[in-house]
Amino acid sequence: MPDTIPMMGLGTYGRLEEEGIRAILSALEIGYRHIDTAQSYGSEPSVGEAVRRSGLDRDDVFITTKVAQKKLDRAQFLPSVETSLKDLQVDVIDLVLIHWPSIDPDVPFESYMEDLGRIQDQGKARHIGVSNFPIARLKQAEEILGSGRIHTDQVEIHPFLQNNKLVDFALSKGITPTAYMPLAQGRVADDPLLQEIAEKHDASASQVSLAWLMQRGIAVIPASASAERQKSNFDAQKIVLSKSDMERIATLDRGFRIVVPEVGPDWD
Ligand SMILES: NC(=O)c1ccc[n+]([C@@H]2O[C@H](COP(=O)([O-])OP(=O)(O)OC[C@H]3O[C@@H](n4cnc5c(N)ncnc54)[C@H](OP(=O)(O)O)[C@@H]3O)[C@@H](O)[C@H]2O)c1
């Protein structure tokens, strides 16, 4: 198991009960070794069960989870991580993220960043990181925890929302960005330019989107319930895009953001 986040992972939003367990198990059988979940998805028990059934060594699977926005206060933070450990059936979680910065004025930023550092110090998380943090929040997080502690910032990134400012900042700090919705929830499949580039590589537009992200140094966590699409997404790791392919895909950026919560952070 590498000591850093694997570039290819499986998203598990909506993977619940037996059907969810089977979908995660099929991804593990294909070769996925990085599984992304969150307290708020309810998929932690499915992940724990799928990893157990896979028979893989615990150390061979990199598991990421996220502390829910509602659990960031001092009273709930640590107990929520204990519950995640139990649901995931593990002694230590590979990567624990803050899912969204808190919007509750009674929950200070310092408090949950300190708790995040504490769970790593206590050996409950091998790595720690954040999600949906703009640059200003990332800087603040590093001020509190010290540089080099934040492993990833998981944010929405796909060809239609390229997030270049944030990606460049994170990479300059040695933080690997993780792209959620790397397929723009399936929309990239219909893009004519991605399709044209895909044809050259005997690939699909979805694979090209994933390859483009990974070649920029961004980890990806596409989700699929279908074993066939999981395999196709996984195989995107074999594609090598040319400089000209990369430059053409860069032109698709149009600031198209899918996840827009009522009270979100000020994005870069
Ligand atoms: N940190 C956060 O705040 C946050 C927010 C959103 C999501 N996430 C994470 O990111 C993961 C991925 O996000 P997402 O599922 O919303 O979006 P996504 O991975 O961009 O897209 C998934 C959708 O695309 C379809 N799909 C998958 N592979 C395909 C392929 N090769 N060709 C065509 N269609 C394909 C899937 O359908 P089928 O299932 O039918 O294949 C599904 O409808 C989530 O599961 C979650 O783990 C994190």
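Since the structure is predicted, the reported quantities are computational estimates derived from the model, not experimental observations.

Caption draft 1: Highlighting the UniProt feature "site: Lowers pKa of active site Tyr" (unreviewed entry) in the chain. The UniProt entry lists Lys-66 under the feature "site: Lowers pKa of active site Tyr" (unreviewed entry), expressed in the numbering used here. Tracing the backbone through its elements, the reader meets Lys-66 in strand S3 (residues 62-67). The exposure class of Lys-66 is buried, given its relative accessible area of 0%. The contact partners of Lys-66, leaving out residues within four places of it in the chain, are Asp-36, Thr-37, Ala-38, Gln-39, Tyr-41, Leu-97, His-99 and Gln-154. At 2.7 Å, the side chain of Lys-66 and the side chain of Asp-36 are in polar contact.

Caption draft 2: Here's a closer look at the pairing of strand S5 (residues 125-131). The element S5 is largely enclosed, with a buried count of six among its seven residues. Where the polypeptide runs from strand S4 (residues 93-98) across helix H4 (residues 109-121) and back to S5, its parallel neighbour, the crossover connection is right-handed. In this structure, S5 lies alongside strand S6 (residues 150-156), joined through three bridges in parallel fashion. The residue of S6 that forms the bridge with Val-130 is Asp-153. In this fold, S5 hands off to helix H5 (residues 135-145), which returns the chain to S6; that crossover is right-handed.

Caption draft 3: Examining the site of the ligand more closely. Near the ligand you find 27 residues, and of these Asp-36, Leu-183, Ser-224, Arg-229 and Asn-233 are the closest. Within the backbone of Thr-12, a nitrogen or oxygen atom sits 3.3 Å from an oxygen atom of the ligand. Here Ser-206 contributes a side-chain N or O atom positioned 3.2 Å from a nitrogen atom of the ligand. Considered on its own, the ligand offers 920 Å² of accessible surface; in the complex 81% of this is hidden by protein. Taken atom by atom, the bulk of the ligand overlaps the largest pocket. By residue class, the composition of the shell around the ligand is 12 nonpolar, 11 polar and four charged.

The rules behind these values
- Residues numbered from 1 in each chain as written.
- Predicted model: local features only at pLDDT ≥ 70, side-chain atom pairs only at ≥ 80, totals over all residues.
- Heavy atoms only, no water.
- UniProt positions renumbered as here; feature names shortened; annotations may be inferred.
- Helix = DSSP H or I, 4+ residues; strand = E, 2+ residues; numbered from the N terminus.
- Buried < 20%, exposed > 50% of the residue type's maximum accessible area, 1.4 Å probe, protein only.
- Contact = heavy atoms within 4.5 Å.
- Polar contact = N/O pair within 3.5 Å; in protein donor to acceptor, adjacent residues only side chain to side chain.
- Right-handed = clockwise from strand over helix to strand, strands pointing away.
- Pairing = 2+ DSSP bridges.
- Near = heavy atom within 4 Å.
- Areas by Shrake-Rupley, 256 points an atom, 1.4 Å probe, with all protein chains shown as cover.
- 1 Å grid on protein atoms, 1.4 Å probe; cavity = no way out; pocket = protein on both sides within 12 Å on 5 of 7 lines; lining within 4 Å.
- Sits in = over half its atoms within 2 Å of the grid points.
- Nonpolar A, V, L, I, M, F, W, Y, C, P; charged D, E, K, R; others polar.

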